[in-house]
Amino acid sequence: MKTQFLLPFLFSLAVILGPAYNMYVHYDFSHSSDTESYLAMSNGDYNVNPVHRYRFILPLVAKVVAMPLQAVYTKLWPHRAESFWPLQLAYFIINSFLVAFYGWIVYRLLRLYSHELVAILIGLIVVLTSRWVAYIAGLPLTDSLYLIAIAALLYSIKTENKILFVITVVLGGLMKESFPLFAPLILLAGPFTWYVRAGLIAASLVVVFGEHSIIDSLLPLQETTAGFKSESLVDIFMRTFAKTFETALDLLTVRGIGEVFTVLGIFTFILIYGAFNKTCRSIWKTYVEKYYWIFFGCILIHVLISGDAARMFYFGAPLYGILIVKVMEVLLSKNSFIESIASIRKQ
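If you're wondering where the values come from, they're calculated on a predicted model, not measured in any experiment.

Participant: How should I be thinking about the environment of Leu 13 in this particular structure?
Facilitator: Tracing the sequence through the fold places Leu 13 in helix α1 (residues 2-26). Between the alpha carbons of Leu 13 and Leu 98 there is a distance of 9.2 Å; along the sequence they are 85 residues apart. Apart from residues no more than four positions distant in its own chain, Leu 13 is found in contact with Ser 96, Phe 97 and Ala 100.

Set out below in structure tokens:
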């Protein structure tokens, strides 16, 4: 059991650590309001963007981890000890391990769709080598927890793991308040009857709104020079939904298409190949459950209401990994490359 966890986890960590470290060292943190918010929250300042201020778990953990790191900085790099460097290092360490854990869950999910280890590892590498993984693992962000929640949700649905499903659905909103956008998927797929799943969605909403209420009462948003004003969760969603048409138009531009291409990079061509190959399409239809259409629809909603569409597209990476694994099974089969070239010529 330890080996089943440790090897995929260490493999995932090895894949992400180098790119994430480069991001941690060289990124200009002033370019991202997200990172500024979470660094401020770790220092106890919750007068930040209302979209960010309720994601308290990682900023709190990062502050705890940064305390011993600051002592090390005081001895080795005293000029950096009082800066954000100890906190940034704490985020890098925590997020790298969390994303590696996410990689382990994705690995377990991919194994449910294939027995071909090479195909599984290629699928996992595709998921973990996106530029957004380096971004999420290397910077002071909270998306790593959300990735875990999404992968755990898909895994619990596929395996009908009731305990994991309940924990993920009820607490998923604490990872990111947009988690209830997966309500259509949760309602139509997973263990339990539909009305029990509906009750879990309601419990998730109670947790989200309750957490917002507690933070607002304990740490009310003060007026600052940044001009942030208090907004309810409903206000935030209404404001973001107003951007959907603008985001959709941006995605249709050359720049927008290029941004989407960065989600999987050159590995996007594997998905394109699968979409144009009759055998791959047939395998997808046979082995990939129909509820993934709903899942992808939920991802599209994330994309349209976000100001960072390409990063939201990455949240669908477990699905892309599954599709790529099935394509790789075809490509790795006997004489597959010759057959695939011949099929392309015929088409």
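Participant: Would you mind showing me how to read the packing of aromatic side chains here?
Facilitator: The description of an aromatic ring pair rests on the distance of the ring centres and on the angle between the ring planes. Inspection of the entire model under this criterion finds 22 aromatic pairs. For the ring pair Phe 5 and Phe 9, a centre distance of 5.2 Å and an interplane angle of 20° mean the geometry is stacked. Separated by 4 residues within a single helix, Phe 5 and Phe 9 lie in helix α1, roughly one turn from each other. Residue Phe 5 is classed as partly exposed on the basis of its relative accessible area, which comes to 28%. Centroid distance Phe 261 to Phe 269: 5.6 Å. Interplanar angle 65°. Geometry classified as edge-to-face. Residue Phe 261 is classed as partly exposed on the basis of its relative accessible area of 34%. Using a relative accessible area of 47% as the deciding quantity, one classes Phe 269 as partly exposed. Among the aromatic residues, those joined into a ring-pair cluster are Tyr 113, Tyr 146, Phe 179, Phe 182, Tyr 291, Tyr 292, Phe 295 and Phe 315. Above the face of the Trp 132 ring, Arg 131 is positioned so that its terminal group lies 4.1 Å from the ring centre.

Participant: It is not clear to me how the environment of Phe 313 should be interpreted in this structure. Could you clarify?
Facilitator: Mapped onto the elements, Phe 313 comes out in helix α17 (residues 309-314). On a C-alpha basis, the gap between Phe 313 and His 302 in space is 7.8 Å, while along the polypeptide they are 11 residues apart. Contacts of Phe 313, omitting those with residues within four sequence positions, involve Leu 251, Val 260, Val 263, Phe 296, Ile 299, Leu 300, Val 303 and Tyr 320.

Participant: Before we go on, may I ask you to explain helix α16 (residues 291-305) in this structure?
Facilitator: In a regular helix each residue adds 1.5 Å, so 15 residues correspond to 21 Å; α16 covers 22 Å between its end C-alpha atoms and thus fits that length. Looking at α16, one finds that the buried residues are Tyr 291, Tyr 292, Phe 295, Cys 298, Ile 299, His 302, Val 303 and Ile 305.

Participant: Can you walk me through the layout of surface pockets in this structure?
Facilitator: A probe as big as a water molecule, rolled over the atoms, marks out the empty space that is left. Looking at the largest pocket, its volume works out to about 730 Å³. Together, 23 residues line the largest pocket, and Leu 271, Trp 284, Trp 293, Leu 319 and Leu 323 are the ones closest to its centre. Within the residue set of the lining of the largest pocket, elements represented by two or more residues are α13 (254-261), α14 (268-276), α15 (278-287), α16 and α18 (317-332). Top contributing element to the lining of the largest pocket by residue count: α14, with 4 residues. A breakdown of the residues in the lining of the largest pocket according to their chemical character gives 18 nonpolar, 1 polar and 4 charged.

Participant: In this structure, what is going on with the pattern of salt bridges? I would like to understand it.
Facilitator: Note that side chains of opposite charge can pair when their charged atoms are close. Summed over the entire model, instances satisfying the criterion amount to 9 salt bridges. With its nearest N and O atoms 3.5 Å apart, the salt bridge here joins Glu 259 to Arg 131. Here Arg 131 lies in helix α6 (residues 131-138) and Glu 259 lies in helix α13, a separation of 128 residues in the sequence. For Lys 176, the salt bridge is made with Asp 143, and the minimal N-O distance between the two is 3.4 Å. Note that Lys 176 is positioned in the loop between α8 (162-175) and α9 (183-188) and Asp 143 in helix α7 (residues 143-159), a separation of 33 residues in sequence. Taking the relative accessible area as the measure of exposure, Lys 176 reaches 7% and is therefore buried. The exposure class of Asp 143 is buried, given its relative accessible area of 2%. By sharing partners, the salt bridges in this structure join Asp 34, Asp 143, Lys 176, Asp 308 and Arg 311 into a single network.

About the cut-offs
Residues numbered from 1 in each chain as written. Predicted model: local features only at pLDDT ≥ 70, side-chain atom pairs only at ≥ 80, totals over all residues. Heavy atoms only, no water. Helix = DSSP H or I, 4+ residues; strand = E, 2+ residues; numbered from the N terminus. Contact = heavy atoms within 4.5 Å. Phe/Tyr/Trp six-rings, centres within 6.5 Å; stacked < 30°, edge-to-face > 60°. Buried < 20%, exposed > 50% of the residue type's maximum accessible area, 1.4 Å probe, protein only. Lys NZ or Arg CZ within 6 Å of the ring centre and 35° of its normal. Expected span 1.5 Å × (residues − 1). 1 Å grid on protein atoms, 1.4 Å probe; cavity = no way out; pocket = protein on both sides within 12 Å on 5 of 7 lines; lining within 4 Å. Points joined across faces, edges and corners; volume = space filled by probe spheres on them. Nonpolar A, V, L, I, M, F, W, Y, C, P; charged D, E, K, R; others polar. Salt bridge = Lys/Arg side-chain N within 4 Å of Asp/Glu carboxyl O.

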